[in-house]
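# Descriptive analysis of the structure
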Amino acid sequence: MKVLQDRSLAPFHTFGLDVKAKQIVMVETDAELVSVWLDDSYRDWPKLIIGQGSNLLFCEDFDGLVIVNRIRGISITETDEAYCLHVGAGEDWHGLVEMTVHADMPGLENMALIPGCVGSSPIQNIGAYGVELKDRCQYVDTVVLATGEHRRLMADECQFGYRDSVFKHALQQTHAITAVGLRLAKEWHPNISYGPLAQFDADSVTAAEIMATVCAVRMEKLPDPKRWGNAGSFFKNPVVPAALAEELAGQFPSMPAYPAGSGCSKLAAGWLIDQCGLKGHQIGGARVHDNQALVLVNYQGASSADLLALAKYVVESVERRFGVTLEHEVRFMGRQAETSLAEVYNERS
Ligand SMILES: Cc1cc2nc3c(=O)[nH]c(=O)nc-3n(C[C@H](O)[C@H](O)[C@H](O)COP(=O)(O)OP(=O)(O)OC[C@H]3O[C@@H](n4cnc5c(N)ncnc54)[C@H](O)[C@@H]3O)c2cc1C
């Protein structure tokens, strides 16, 4: 178990902001994770478990203990119908996708190159190019932090939704994810419904070809966090009443909108931001990415305050033009606990 005192969190999250934590501990087993969490010397400290910090914005220094999950290990069993993978929460997600595709166990290829750890993947039910974690997840193993007791949640208990799950709500801060069970069916059906994948023939395409295309498109479209710190899509695609979507479509005929069930439509947050002319808009060192309006980047030594001010400006601009309020997909961490853009500005005004 590695312990780092009063260190910058810059290497531990993909925005690369120079914020500090009182202490950072890296854990490699379930037992280490629980013993650190229950350690008396940290009893009253705020605590945060992270993977690769690719969905986090630290709004200021974190006045507590950051536990970096590095629980590794992959075991594979098989039935006549499927490969069943039990994967340690600290394994790298993209590494897992590559390994499975190369080992001829297709099913994860559409989700290639999503940064982060396997253990974080159920939390916001990661997804890309028409496939979500929930489509492959069999179970999520957790430890109950107060007692150290192990608890397995089957996929139907995880309340998976669009970038959502029970781990963002009832089980947040009470359960840590230690492993994820995935089921990859041997009878593989490629999902080529989205954008650049539609060029393929479903009868002849391979998972390796899909993975290569997804990687190429992502590398072209999304800024590499190693070059410009970012956390991917900063905002969720807003789900609005279908009547509002229709009214907006009347005013903005080229606006993309997709049915989202129960009388609602999903709009494209990137399109809304782009229509406000915000690509390349910069506040301090934070900038709306020049090609991908949905991504805010640490362009030139941004501070947390720069990113917060930019996020606020984007939300207000979209609200003014379209009457739609964007919600951030990125998780905001305050000095002691999770927070939100609205909370940060109510507190500060
Ligand atoms: C360039 C880029 C592209 C991206 N593209 C996509 C995409 O296409 N689709 C998509 O869905 N996401 C995307 N993301 C977002 C991100 O990759 C995912 O949310 C990912 O699952 C986060 O993993 P992480 O390990 O970095 O989590 P972290 O950012 O470290 O943590 C995220 C949250 O989970 C909690 N957490 C982490 N580990 C545990 C644990 N073991 N137990 C309990 N709680 C825990 C943390 O406290 C935090 O609240 C992208 C991000 C980037 C930077």
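Residues numbered from 1 in each chain as written. Predicted model: local features only at pLDDT ≥ 70, side-chain atom pairs only at ≥ 80, totals over all residues. Heavy atoms only, no water.

Naming follows an unreviewed UniProt entry, where the chain appears as UDP-N-acetylenolpyruvoylglucosamine reductase of Photobacterium aquae. Database annotation for the chain, UniProt heading Sequence similarities (unreviewed entry): "Belongs to the MurB family." UniProt annotates the chain under Function (unreviewed entry) with the comment "Cell wall formation." (UniProt positions renumbered as here; feature names shortened; annotations may be inferred.)

## Quick look at the side chain of Arg163
Within the fold, Arg163 resides in the loop between β11 (150–154) and β12 (175–185). Owing to a relative accessible area of 12%, Arg163 belongs among the buried residues under this scheme. There is a polar contact of 3.0 Å between the side chain of Arg163 and the backbone oxygen of Gly127. Residues in contact with Arg163, not counting those within four places in the same chain, are Gln124, Asn125, Ile126, Gly127, Glu132, Lys168 and Glu329. (Helix = DSSP H or I, 4+ residues; strand = E, 2+ residues; numbered from the N terminus. Buried < 20%, exposed > 50% of the residue type's maximum accessible area, 1.4 Å probe, protein only. Polar contact = N/O pair within 3.5 Å; in protein donor to acceptor, adjacent residues only side chain to side chain. Contact = heavy atoms within 4.5 Å.)

## Quick look at the nonpolar core
Formed by 55 residues in total, the largest nonpolar core has its most connected members in Phe235 and Ile273. The element contributing the most residues to this core is helix α6 (residues 304–322), with eight residues. Residues lining this core come from more than one domain, with at least three contributed by each of domain 1 (2–69) and domain 3 (233–329). Setting aside anything within four residues of it in sequence, one finds Ile273 in contact with Phe235, Leu278, Val288, Ala293, Leu294, Val314, Val318 and Leu326. Within the second largest apolar cluster, 42 residues are counted, among which are Val87, Met105, Val118 and Leu153. (Core = buried A, V, L, I, M, F, W, Y, C linked by side-chain atoms within 4.5 Å. Domains from an automatic or database assignment.)

## Some remarks on the packing of aromatic side chains
A full pass over the atoms with the stated rule returns seven aromatic pairs. Relative to Phe322, the ring of Phe252 lies with its centre 4.8 Å away and its plane at 55°, an arrangement referred to as tilted. Placement of the pair is Phe252 in the loop between α4 (242–251) and β15 (257–259) and Phe322 in helix α6, with a sequence separation of 70 residues. In terms of burial, Phe252 and Phe322 fall into one category: buried. Note that Arg287 overlies the ring of Tyr299, its terminal NZ or CZ placed 4.4 Å from the centroid. (Phe/Tyr/Trp six-rings, centres within 6.5 Å; stacked < 30°, edge-to-face > 60°. Lys NZ or Arg CZ within 6 Å of the ring centre and 35° of its normal.)

## Re the sheet that holds strand β4 (residues 56–58)
Strand pairing within a sheet occurs via backbone hydrogen bonds; the two strands may be parallel or antiparallel. Strand order in the open sheet formed by three strands is β4-β20-β21, and the pairing between neighbours is mixed. Each having just a single partner strand, β4 and β21 (338–339) make up the two edges of the open sheet. Here β4 runs beside strand β20 (residues 331–333); their pairing, made up of three bridges, is parallel. Within β20, the position partnered with Leu57 by the bridge is Phe332. (Pairing = 2+ DSSP bridges.)

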